[in-house]
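Each chain, written out:
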Amino acid sequence: MSDRLSFATWNINSVRLRMPIVEQFIETYQPDVLCLQETKCPDANFPFAPLRKLGFEHIEINGQKGYHGVATASRRPLSNVEKRGFCDMGDSRHLAADVSFGDGYFRLHNFYVPAGGDEPDPVINDKFAHKLKFLDEMQAWLGGTEAPSIVVGDLNIAPYEEDVWSHKKLLKVVSHTPLECERFEQVRESGPFVDMMRRFVPMDEKLYTWWSYRAKDWSAADKGRRLDHVWVTPQMEPSVREIRVIRDARGWERPSDHAPVITVLECE
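Residues numbered from 1 in each chain as written. Predicted model: local features only at pLDDT ≥ 70, side-chain atom pairs only at ≥ 80, totals over all residues. Heavy atoms only, no water.

**Q** For this particular structure, what's the right way to read the layout of surface pockets?
**A** Unfilled space is identified by rolling a water-sized probe across the atoms. By volume, the largest pocket is sized at about 1000 Å³. Lining the largest pocket we find 39 residues, and of these Ala115, Gly117, Asp118, Asn156 and Trp210 sit closest to its centre. Of all the secondary-structure elements, those providing two or more residues to the lining of the largest pocket are α3 (126–142), β10 (210–211) and α7 (218–221). Among the elements that make up the lining of the largest pocket, the one with the highest residue count is α3 (4 residues). When its residues are assigned to classes, the lining of the largest pocket shows 15 nonpolar, 11 polar and 13 charged. (1 Å grid on protein atoms, 1.4 Å probe; cavity = no way out; pocket = protein on both sides within 12 Å on 5 of 7 lines; lining within 4 Å. Points joined across faces, edges and corners; volume = space filled by probe spheres on them. Helix = DSSP H or I, 4+ residues; strand = E, 2+ residues; numbered from the N terminus. Nonpolar A, V, L, I, M, F, W, Y, C, P; charged D, E, K, R; others polar.)

**Q** Could you clarify how one ought to interpret the environment of Arg250 in this entry?
**A** You can see Arg250 is positioned in the loop between β13 (240–245) and β14 (261–267). On the basis of relative accessibility, which here comes to 4%, the residue Arg250 falls in the buried class. Taking the C-alpha atoms as reference points, Arg250 and Ser219, 31 residues apart in sequence, are found 8.7 Å from one another. Not counting residues within four places of it along the chain, the set of residues in contact with Arg250 comprises Trp211, Ser212, Tyr213, Trp218, Pro255, Ser256, Asp257 and His258. Side-chain polar atoms of Arg250 contact the backbone oxygen of Trp211, separated by 3.0 Å. In terms of polar contacts, Arg250 uses its side chain to reach the backbone carbonyl oxygen of Ser212, at 3.2 Å. (Buried < 20%, exposed > 50% of the residue type's maximum accessible area, 1.4 Å probe, protein only. Contact = heavy atoms within 4.5 Å. Polar contact = N/O pair within 3.5 Å; in protein donor to acceptor, adjacent residues only side chain to side chain.)

Below, the structure is given as structure tokens:
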């Protein structure tokens, strides 16, 4: 059965605060599925109504007050929903569901990986140690994935040289340290998963999804990093037709510091 589906991933940095630009994004780009991270919202206060008004009848959430949180909103039913805990921290950082596509389905994982603090040393920085442990648990769980699957989200690592504005200057900055990048690739390859964004943008071209709030003119400075990712299992790769970073959204009113990423799937 032929089918077409688009999904987006976006670290929204407080879903209630930024609901106006979420609505703007949906109205403009019309995704079928929207995966949000860093919703910073307890489940009881999640803004279901505006999403349902825009056609998202199927919404699954895994939130907590003030921190972290992920949500998946879909125009298609979401089944076999799972919210996995990591590192015994009680954090809301994962949500998975099956989404119908073509004659079958794929498993969609929505992740928010810990940022890791400022000091890239697990001995003196508990947040960095937590990040590495989280990656270890991701690899142990996702390794050898057999079902058609897609991993999206703010994975908080920019693994390649052209995923950051300056490889040399960021080698000792959390999100681009050699230790993180190596562990990141081990997690991806254990799936195995394909880095679909780099299938559409060559390795020698800059590719960013995040720009710091600290820059007076983020676009002119363009000191970005690719922290948001789309991974697919090999059997899903032929269905991926397009991936776009919606850079303009970083400049909308009261923006997140991340831009959304849209992926289009098609099958005959």
